[in-house]
Amino acid sequence: MGKENCYLHEFGYEDFERVIDMVGGKWKLRIIYMLALYEVVRYGELKKLLAPITHKMLTSQLKNLEKDNLISRKEYKQIPPKVEYSLTDMGRGLEPIVKELYLWIKKYNFFES
């Protein structure tokens, strides 16, 4: 691909870095994966699904994903507290990327142990 026709020139490295910050790190894509798989997940269920994630790390990552409009948080006013998380439309927009990652894993036989 020639540099003059490269699609990567359309948005630049700074914008790429901003997006990587939104989904990068050890836990964010894992959280997105679980929410894509289960659609709506309560906090405690998410913590179990992502073991050994700590409470502090999960809370921090969820806040960041919510701030970046990739997930939504629904809090129910009840005792005990009930909080559910799901992907926003923008978050669901990442599902094709997750599928491409799956196809890449399959192509290079990462499923084989």
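Located above this text is the structure these notes cover.
Being a predicted model, the structure only gives us computed values, none of them experimental.

Within strand β3 (residues 82–87), five of the six residues are buried, which leaves the element mostly enclosed by the surrounding structure. Across three bridges, strand β1 (residues 40–42) lies against β3 in antiparallel orientation. What sits directly across from Val 41, in β3, is Tyr 85. Two elements, strand β2 (residues 71–76) and β3, share six bridges in a ladder whose sense is antiparallel. Bridge pairing in β3 links Ile 71 to Leu 87.

Looking now at the pattern of salt bridges. Tallied over the entire structure, the rule returns six salt bridges. For Lys 67, the salt bridge goes to Asp 68, with nearest N and O atoms at 3.3 Å. On the basis of relative accessibility, which here comes to 61%, the residue Lys 67 falls in the exposed class. Residue classification places Asp 68 among the buried positions, given a relative accessible area of 17%. Residues joined in a network through salt bridges with shared partners are Arg 73, Glu 75 and Lys 77.

Right, let's talk about the sheet that holds β1 for a bit. The strands making up a sheet associate through backbone hydrogen bonding, with each pair oriented either parallel or antiparallel. Taken in spatial order, the three strands line up as β1-β3-β2 in an open sheet, and their pairing is antiparallel. Of all the strands in the sheet, just β1 and β2 have a single pairing partner and so form its edges. Between one strand axis and the next, the sheet turns by 25° as a mean value, whatever way the strands run.

With an omega of 20°, the peptide bond running from Ala 51 to Pro 52 counts as cis. Positionally, Pro 52 belongs in the loop between α3 (43–49) and α4 (55–67). Geometrically, the link from Ile 79 to Pro 80 is a cis peptide bond, its omega value of -5° lying close to zero. Turning to its location among the elements, Pro 80 is positioned in the loop between β2 and β3. Within the chain, Glu 39 stands out as a residue other than glycine whose phi angle is a positive 70°. The topology assignment puts Glu 39 in the loop between α2 (28–38) and β1. Despite not being glycine, Asn 69 shows a phi value in the positive range, around 65°. Within the secondary structure layout, Asn 69 lies in the loop between α4 and β2.

Conventions used here
- For every chain, the first residue of the written sequence is number 1, and numbering continues from 1 onward in sequence order.
- Only residues with pLDDT of at least 70 are given local features in this predicted model, and only at 80 or more are side-chain atom pairs given and counted; all residues enter the totals for whole chains, interfaces and linings.
- Side-chain measures here rest on the full set of heavy atoms in the structure, leaving out hydrogens and waters.
- Relative accessible area decides the class of each residue, using a 1.4 Å probe on protein chains only: under 20% of the type maximum gives buried, over 50% gives exposed, and in between gives partly exposed.
- By definition, any uninterrupted DSSP run of H or I lasting at least four residues is a helix, any uninterrupted run of E lasting at least two residues is a strand, and each is numbered from the N terminus.
- Any two strands with at least two DSSP-identified bridges between them are counted as paired.
- We define a salt bridge as a contact between a side-chain nitrogen of Lys or Arg and a carboxyl oxygen of Asp or Glu at a distance within 4 Å.
- A fitted line through C-alpha atoms serves as each axis, taken over the contacting stretch for helices, and the angle formed by two N-to-C directions is quoted from 0 to 180°.

These results come straight from atomic positions and should not be treated as a statement about function.
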